[in-house]
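# Fold and geometry: a report
The lines below spell out each chain.
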Amino acid sequence: MSGGANQVLSRARDALPTGEFQWAAELADYVLAVDRENVDAKRIKAQALTELGERQVNATARNYYLSTAQYLLRDLPQQ
């Protein structure tokens, strides 16, 4: 999977439609660890966390996922 941030983000994008939201969020985290301002990584992670939050029964977990997703998106330009 090495090949840079673009390769990792490509894998993260591929994980979303297959329902592998935790994996997508983790891959986006790897990119954010080295580039905290990567807009694509923030969007992918926010999408993955939103999907995870919408599937939670536990209110605390739901709040964590959805709040973190909103935090990631707060300063990003509109698509």
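This text goes with the structure placed above it.
What you see is a predicted model, and the numbers here were worked out from it, not measured in a lab.

Along the protein, the regular secondary structure elements total four helices and zero strands. Beginning at the N terminus, the succession of helices and strands in the protein can be written as α-α-α-α. Computed over the C-alpha atoms, the radius of gyration of the protein is 12 Å, within 12% of the 12 Å expected from 2.2 N^0.38 for a compact globule of 79 residues. Its C-alpha atoms give the protein principal-axis dimensions of roughly 40 × 30 × 20 Å. Considering only contacts within the protein whose residues lie at least 6 apart along the sequence, 42% involve residues at least 24 apart.

Along the chain, Ala5 falls in helix α1 (residues 5-15). Judged by its relative accessible area of 34%, Ala5 is partly exposed. Considered as a pair, Ala5 and Arg55 are 50 residues apart in the sequence and their alpha carbons are 28 Å apart.

With the rule as written, the count across this model stands at five salt bridges. For Asp40, the salt bridge identified is with Arg13, shortest N-O distance 4.0 Å. Taken together, the residues span a long stretch of sequence, with Asp40 in helix α3 (residues 39-54) and Arg13 in helix α1 at a distance of 27 residues. By relative accessible area, Arg13 is classed as partly exposed at 41%. Close ionic contact of Lys45 with Asp29 constitutes a salt bridge, the shortest N to O distance being 2.6 Å. With Lys45 in helix α3 and Asp29 in helix α2 (residues 21-34), the pair connects residues that are 16 residues apart, well separated along the chain. By relative accessible area, Lys45 is classed as buried at 14%.

What counts, and at which threshold
Residues numbered from 1 in each chain as written. Predicted model: local features only at pLDDT ≥ 70, side-chain atom pairs only at ≥ 80, totals over all residues. Heavy atoms only, no water. Helix = DSSP H or I, 4+ residues; strand = E, 2+ residues; numbered from the N terminus. Rg over C-alpha atoms; globule rule 2.2 N^0.38 Å. Contact = heavy atoms within 4.5 Å. Buried < 20%, exposed > 50% of the residue type's maximum accessible area, 1.4 Å probe, protein only. Salt bridge = Lys/Arg side-chain N within 4 Å of Asp/Glu carboxyl O.

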